[in-house]
Each structure stands twice: as C-alpha cells, then as structure tokens.
Amino acid sequence: MRLVFLGPPGAGKGTQAQRICAERGIPQISTGDLFRAALAAGTKLGLEAKAFMDRGELVPDGVVCGMVAERLAKQDAASGFILDGFPRTVAQADALDAVLQKMGQPLLACVDFVVERSELIRRLTRRLTCRKCGAVYNTDALPPKAAGLCDRCGGEVYVRDDDRPETVERRLKEYDAKTAAVSGYYAGRGLLRQVNAARSLADVAVELDRLIARP
Ligand code: AMP
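Residues numbered from 1 in each chain as written. Predicted model: local features only at pLDDT ≥ 70, side-chain atom pairs only at ≥ 80, totals over all residues. Heavy atoms only, no water.

Caption draft 1: Spatial organisation of the packing of helix 4 (residues 61–72) against helix 5 (residues 90–103). As a packed pair, helix 4 and helix 5 sit with axes 10 Å apart at the nearest point and diverge in direction by 25°. Between helix 4 and helix 5, the interaxial angle falls into the category roughly parallel. Here helix 4 runs over helix 5; the crossing is right-handed. Each of Asp 61, Val 64, Cys 65, Ala 69 and Leu 72 in helix 4 lies in contact with helix 5, whose residues at this interface are Ala 91, Gln 92, Ala 95, Leu 96, Val 99, Leu 100 and Met 103. (Axes fitted to C-alpha atoms, helices over the stretch in contact; angles between N-to-C directions. Helix = DSSP H or I, 4+ residues; strand = E, 2+ residues; numbered from the N terminus. Parallel < 35°, antiparallel > 145°, perpendicular 65-115°, else oblique. Left-handed = near helix turned anticlockwise from the far one by under 90°. Contact = heavy atoms within 4.5 Å.)

What follows is the structure, encoded as structure tokens:
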C-alpha cells in the first residue's frame, strides 16, 4: 500500500496515518517529523530546515526531495508506506513520481483531507506533539492518557512552536499558494480521493478504511 496523505496542517493526516501504519506494519513517512528529528540531532539538514519551519514557510524542494528519496530507499518502505506532508508542491509531486517509477512502485492513491479553515485553526491551537516519537494528540479530541506524557513512548508532549497562532496563519497561506495545486496534479492522473476530514476521528477512520480497501 503506497499512499500520499494531502491536506492542510491540522487536517488529521498524521493522526490517521499513525493508526493505519501501526495496524499494517508500514512506515509513516512524515517530512515534518524527519526535519524535527534532524533538528533534534543537530544535523546540517535540521539547521537548514529550521529557519523555514520557524517562519511557517516550506523548506526548498531540493532539500525535501533528496531526504524523501533516501527514506524511500530504506528496506522498511518496500512493503508500502504513507507519505504524510509530502509532496507539498507540484515540483515535489513530479520528483516523487520519478523516484517511484524508477523503483517500479506506483502510488495507490492520494487522499486529500478536506477541512474548513476555522476548524483547522481550532485543531492546531489544541495540538500536542511528542518530542521523542512525533505522536500527535489534541487537548480535546485525543488527550494523552497521562498529562504531558506520550502514550506510545512516554516522551514529553509539547506545543510545537509553529502551532502558535501567528505561524499557523503563515502555514495556511503557504498551503493555499503552493500545496493546494497538488490535488489537481493527482486528479489529472486519476489518483485523487477526497475525504471529509472535518468529522470525528472515528468517522474519518471508517471512511479511510473503506477507501483503502477499494481505492
Ligand atoms: P508538518 O509537520 O508536516 O506540519 O511540517 C512542519 C514544517 O516542516 C512545515 O511548515 C515546513 O516548514 C516543513 N516541511 C514539512 N514537509 C515539507 C515539504 N514536503 N516541503 C517543504 N517543507 C516541508
């Protein structure tokens, strides 16, 4: 199963990808998580990405595409993957297409998570993220079982700097300017599937599972 999860920040891509990947034993490849891990490890890649992330802007395509190509070449991605937060530009979608073609592993579908703006802002300002494993929580809909600690790994959960209101606005603008067009790219290839992601986690999960079974 090779899927792309597309949609604005806060649409629930990470939460659903986390669940499906755990159930099916395939990796969730989140470019945001890869950048945060690189930053925590103090690598050149992490430092390069930091300035863009802090401003709520996209990291340049060349940097992101190289990182994803490397990640897809790892053994655990051979049986499938969910790309969460990539591609975010048409150029990235083209680069992904080229890599997957070379590997002989075409995409099954691109799932577009559709949610209106006011709901995205509400969710992002309530989001908590595990510093250690990247698991995502929400103070309303999905709080961690023990306050401040990740259910999965016991790491510290925190509010990402870029989930603060000023940066959220900038990220949503970037989405409209650069990422929204990616849905047209996949629609043109007959791969786009839209999901009404404004509903509860459980309802979205049911629709997604149905869609994955019959893409
Ligand atoms: P995310 O965790 O998906 O919300 O990503 C956090 C930040 O990482 C974004 O606001 C961008 O600065 C950067 N980023 C993540 N994925 C990409 C991508 N595919 N292209 C460019 N920048 C990205």
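Caption draft 2: Structural view of helix 5. The end-to-end C-alpha separation of helix 5 is 20 Å, in line with the 20 Å expected for 14 residues at 1.5 Å each. Every buried residue of helix 5 is listed here: Gln 92, Ala 93, Leu 96 and Leu 100. Angularly, the buried residues of helix 5 cover 100° about the axis, an arc narrow enough to put them on a single face. Facing away from the buried surface of helix 5 by more than 90 degrees, the exposed residues are Gln 101 and Lys 102. Looking one or two residues beyond helix 5, the residue adopting positive phi is Gly 104, at roughly 70°. (Expected span 1.5 Å × (residues − 1). Buried < 20%, exposed > 50% of the residue type's maximum accessible area, 1.4 Å probe, protein only. Arc of directions from axis to C-beta.)

Caption draft 3: Region of the structure containing empty space enclosed by the protein. Evaluation of the coordinates by the stated rule reveals 1 cavity of 30 Å³ or more. Space inside the largest cavity adds up to approximately 50 Å³. What lines the largest cavity is simply Phe 5, Leu 6, Gly 7, Lys 13, Gly 85, Phe 86, Pro 87, Arg 88 and Thr 179. Class assignment for the residues of the lining of the largest cavity results in 4 nonpolar, 3 polar and 2 charged. (1 Å grid on protein atoms, 1.4 Å probe; cavity = no way out; pocket = protein on both sides within 12 Å on 5 of 7 lines; lining within 4 Å. Points joined across faces, edges and corners; volume = space filled by probe spheres on them. Nonpolar A, V, L, I, M, F, W, Y, C, P; charged D, E, K, R; others polar.)

Caption draft 4: Highlighting the environment of Ala 37. For Ala 37, the location among the structural elements is in helix 2 (residues 31–40). Exposure remark for Ala 37: the relative accessible area of 48% places this residue in the partly exposed category. Expressed as a C-alpha distance, the spacing of Ala 37 and Cys 133, which sit 96 residues apart in the sequence, is 8.8 Å.

Caption draft 5: Summary view of the pairing of strand 1 (residues 2–6). Taken across its 5 residues, strand 1 has 5 buried, putting it largely inside the fold. Where burial is concerned, the two faces of strand 1 agree: the one with Arg 2, Val 4 and Leu 6 and the one with Leu 3 and Phe 5 are both buried. When strand 1 meets strand 3 (residues 81–84), the two strands line up parallel, connected through 4 bridges. Each residue of the ladder has a partner; that of Phe 5, found in strand 3, is Asp 84. With 4 bridges joining them, strand 1 and strand 4 (residues 109–114) adopt parallel strand pairing. Across the sheet, the residue bridging to Leu 6 is Asp 112, located in strand 4. (Pairing = 2+ DSSP bridges.)

Caption draft 6: Main features of helix 4. Taking 1.5 Å per residue as the helical rise, helix 4 with its 12 residues ought to reach 16 Å, and the 16 Å between its terminal C-alpha atoms agrees with that figure. Along helix 4, the positions that sit buried rather than exposed are Val 63, Val 64, Cys 65, Met 67, Val 68, Arg 71 and Leu 72. Those residues of helix 4 that are buried lie in contact with strand 2 (28–30), helix 2, helix 3 (44–55), strand 3 and helix 5.

Caption draft 7: Structural context of the site of the ligand. In the neighbourhood of the ligand, 16 residues make up the surrounding shell, with Thr 31, Arg 36, Glu 57, Gly 85 and Gln 92 lying closest. At 2.8 Å from an oxygen atom of the ligand is found a side-chain nitrogen or oxygen belonging to Arg 36. One of the side-chain N or O atoms of Arg 171 is found 3.1 Å from an oxygen atom in the ligand. For the ligand, the accessible surface in isolation is 480 Å², of which the surrounding protein chains cover 96%. At a threshold of 2 Å from the grid points, most atoms of the ligand map onto the largest pocket. (Near = heavy atom within 4 Å. Polar contact = N/O pair within 3.5 Å; in protein donor to acceptor, adjacent residues only side chain to side chain. Areas by Shrake-Rupley, 256 points an atom, 1.4 Å probe, with all protein chains shown as cover. Sits in = over half its atoms within 2 Å of the grid points.)

Honestly, that's just the spatial picture; any functional story needs more than this.
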